[in-house]
Amino acid sequence: MMNNKKSGGYSRRNFLKASAVATAGFMIVPRRVLGGTGFIAPSDRINLGYIGTGKQVYTLLRNIGKVQETMVVAACDVDRKKLAKFVGEATQLNATKSGHPVTAFGDYRELLAQPDVDAVVVATPDHWHAMNVIDAAKSGKDIYCEKPLALTIDEGRAMVEAVKKYKRVLQTGSMQRSQYNFRQAADLVKNGYIGEVKEINVSVGEPVKQCDLPSMPIPDYLDWDRWIGPSLYRGYHPILSPPIEDDKWAWWRGYRGFGGGYITDWGAHMFDIVQWALDMDDSGPISFVPPEQPGAVEGLYFTYANGVRVNHKAWGQHNAIQFVGTEGKIEVSRGALNTEPVGLAKQSPKASDKLVYHADNHYQDWIDAIKKRSKPIADVEIGHRTASVCNAINIAYELQQPLGWNPKKELFDNAYANMLKGRPYRKGWDYQDF
């Protein structure tokens, strides 16, 4: 992450020049592609750069590192302690392969300018996703971006257009799509095994709220201005960016301007499966109705054009989905798949069933898509549509009034709601510049 000022002589203008050179040359078609066929040699390596080295990154490092053709060559963070720890662990991982060194950067744009970086893993706070992804696409890099894909609806649409323009492969970190429980649930719902779906209940936590944390002294190892990046400035607090010694999840996730509360944190997983099961990956709901009582943190519902209603409420299981149909019920989470009738949990598909995309390994699926120049299981449009559902839920909770939504035009029927589809950026940053 980086601020809007020059750092070490490296400005956004320099980055844009470097990007233009890259996209005009070999980086649109990666150096590893053979003879225009779109496939790479099995022995050829995919070099990765990691942008953001907080707690989540180690799950990604372990899982992506198991894909043998990957190698970590670079990493970036504004927290020098976290960056140093990651470089050490990535170097150890590399030692099990060919022992490639890992170069550290404080400015993600310097990482993107490295010609030996083929793809990037974006694990920054949500307020950075749009700039990281769009600049990566402009630099000719393929991308794995943590969920939720975007902090706002308008940012998400821009990310889709940039990835398409520069012909990049993007995998959203909605890895539940590559897990049996959720794939089985989606196939059962999609093929009518519980009859006509009447209602869906999604149990995730509360919506986003205004940040009310007091400002505290900035640690000397952290460049706080760079951490803020394109967002509106506010003072440092360790809840937003915990020191490396604190193993808790950073709770920038809960505050407006940086995250979207549990609605986008866990909701980006659970509402994603709803979209998948209902075959709405290129669309979305048509209305959002929040509860009437001010300050309520659950009770909103949204509906699709086919009449299916989705309720945001605690229905008995935590971080889980309940599909209610005319002929049965499915309850699914990471740890359980319960069905009525019971046998549906292990139901084998019929020859006539139209099945969802099947991937058993979310990370291998991304690498395979890079090789084939194809869409992975959770490509950029899918990630954007799911994030849009989550962001629209937060908007409806905030405005406390029903909202109509046109998923084709991506517009609300309310002028104030449409203003909240985006957010202000600080001077020097522009996610629409691609």
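This text follows the structure it describes.
Being a predicted model, the structure only gives us computed values, none of them experimental.

This brings us to the overall build of the protein. Broken down by element type, the protein carries 13 helices and 15 strands. For the protein, the C-alpha atoms occupy an extent of roughly 60 × 50 × 40 Å along the three principal directions. For the protein, buried positions account for 60% of its 434 residues. By sequence separation, contacts in the protein at least 24 residues apart represent 72% of the contacts at least 6 residues apart. When the accessible surface of the protein is split by element, carbon and sulfur atoms take 53% of a total near 17600 Å².

With that out of the way, let us pick up the packing of aromatic side chains. Within this structure, the stated rule accounts for 16 aromatic pairs. For the ring pair Tyr 50 and Phe 86, a centre distance of 5.1 Å and an interplane angle of 50 degrees mean the geometry is tilted. With Tyr 50 in strand E1 (residues 46-51) and Phe 86 in helix H3 (residues 80-95), this residue pair connects regions lying 36 residues apart in the sequence. For the pair shown, Tyr 50 and Phe 86 are each scored as buried.

Glancing now at the environment of Glu 292. Within the secondary structure layout, Glu 292 lies in the loop between strand E8 (287-289) and strand E9 (301-303). By relative accessible area, which is 78% here, Glu 292 ends up exposed. Residues Glu 292 and Gln 401, spaced 109 residues apart in sequence, show a C-alpha to C-alpha distance of 7.9 Å.

Among the nonpolar cores identified, the biggest contains 50 residues, and Ile 200, Val 202, Phe 271, Phe 302, Ile 321, Phe 323 and Ile 393 are the most heavily contacted of them. Judged by nonpolar contacts, the second largest core, of 34 residues, contains Leu 111, Leu 112, Trp 128 and Val 133.

What follows deals with a nonpolar patch on the surface. There is a patch of nonpolar side chains on the surface, built from Tyr 416, Met 419 and Leu 420 and spanning about 350 Å² of accessible area. Note that Leu 420 resides in the segment after helix H13 (415-419).

Okay, the sheet that holds strand E2 (residues 70-76) next. What the six strands build is an open sheet, ordered E3-E2-E1-E4-E5-E6; its pairing is parallel. Since the sheet does not close on itself, it has two edges, and those belong to strand E3 (103-105) and strand E6 (170-172), each with one partner. Sheet twist, expressed as the mean angle between neighbouring strand axes with direction ignored, is 20 degrees. When strand E5 (residues 142-145) meets E6, the two strands line up parallel, connected through three bridges. The residue of E6 that forms the bridge with Tyr 144 is Gln 171. Where helix H11 (residues 362-372) meets the sheet, it contacts E1, E2, strand E4 (119-122), E5 and E6, and its direction lies at approximately 160 degrees from that of E5.

On to the packing of helix H7 (residues 180-190) against helix H10 (residues 267-277), then. The interhelical angle for the contact between H7 and H10, taken along N-to-C directions, is 35 degrees, at an axis separation of 8 Å. Note that H7 runs across H10; the crossing there is right-handed. The residues of H10 that touch H7, namely those facing Phe 182, Arg 183, Ala 186, Val 189 and Lys 190, are Met 270, Ile 273, Trp 276 and Ala 277. Broken down by class, the residue content of the contact of H7 with H10 amounts to seven nonpolar, no polar and two charged.

What counts and how
Residues numbered from 1 in each chain as written. Predicted model: local features only at pLDDT ≥ 70, side-chain atom pairs only at ≥ 80, totals over all residues. Heavy atoms only, no water. Helix = DSSP H or I, 4+ residues; strand = E, 2+ residues; numbered from the N terminus. Buried < 20%, exposed > 50% of the residue type's maximum accessible area, 1.4 Å probe, protein only. Contact = heavy atoms within 4.5 Å. Areas by Shrake-Rupley, 256 points an atom, 1.4 Å probe, with all protein chains shown as cover. Phe/Tyr/Trp six-rings, centres within 6.5 Å; stacked < 30°, edge-to-face > 60°. Core = buried A, V, L, I, M, F, W, Y, C linked by side-chain atoms within 4.5 Å. Patch = residues over 30% accessible without salt bridge, like charges linked within 9 Å, V, L, I, M, F, W, Y side chains within 5 Å. Salt bridge = Lys/Arg side-chain N within 4 Å of Asp/Glu carboxyl O. Pairing = 2+ DSSP bridges. Axes fitted to C-alpha atoms, helices over the stretch in contact; angles between N-to-C directions. Left-handed = near helix turned anticlockwise from the far one by under 90°. Nonpolar A, V, L, I, M, F, W, Y, C, P; charged D, E, K, R; others polar.

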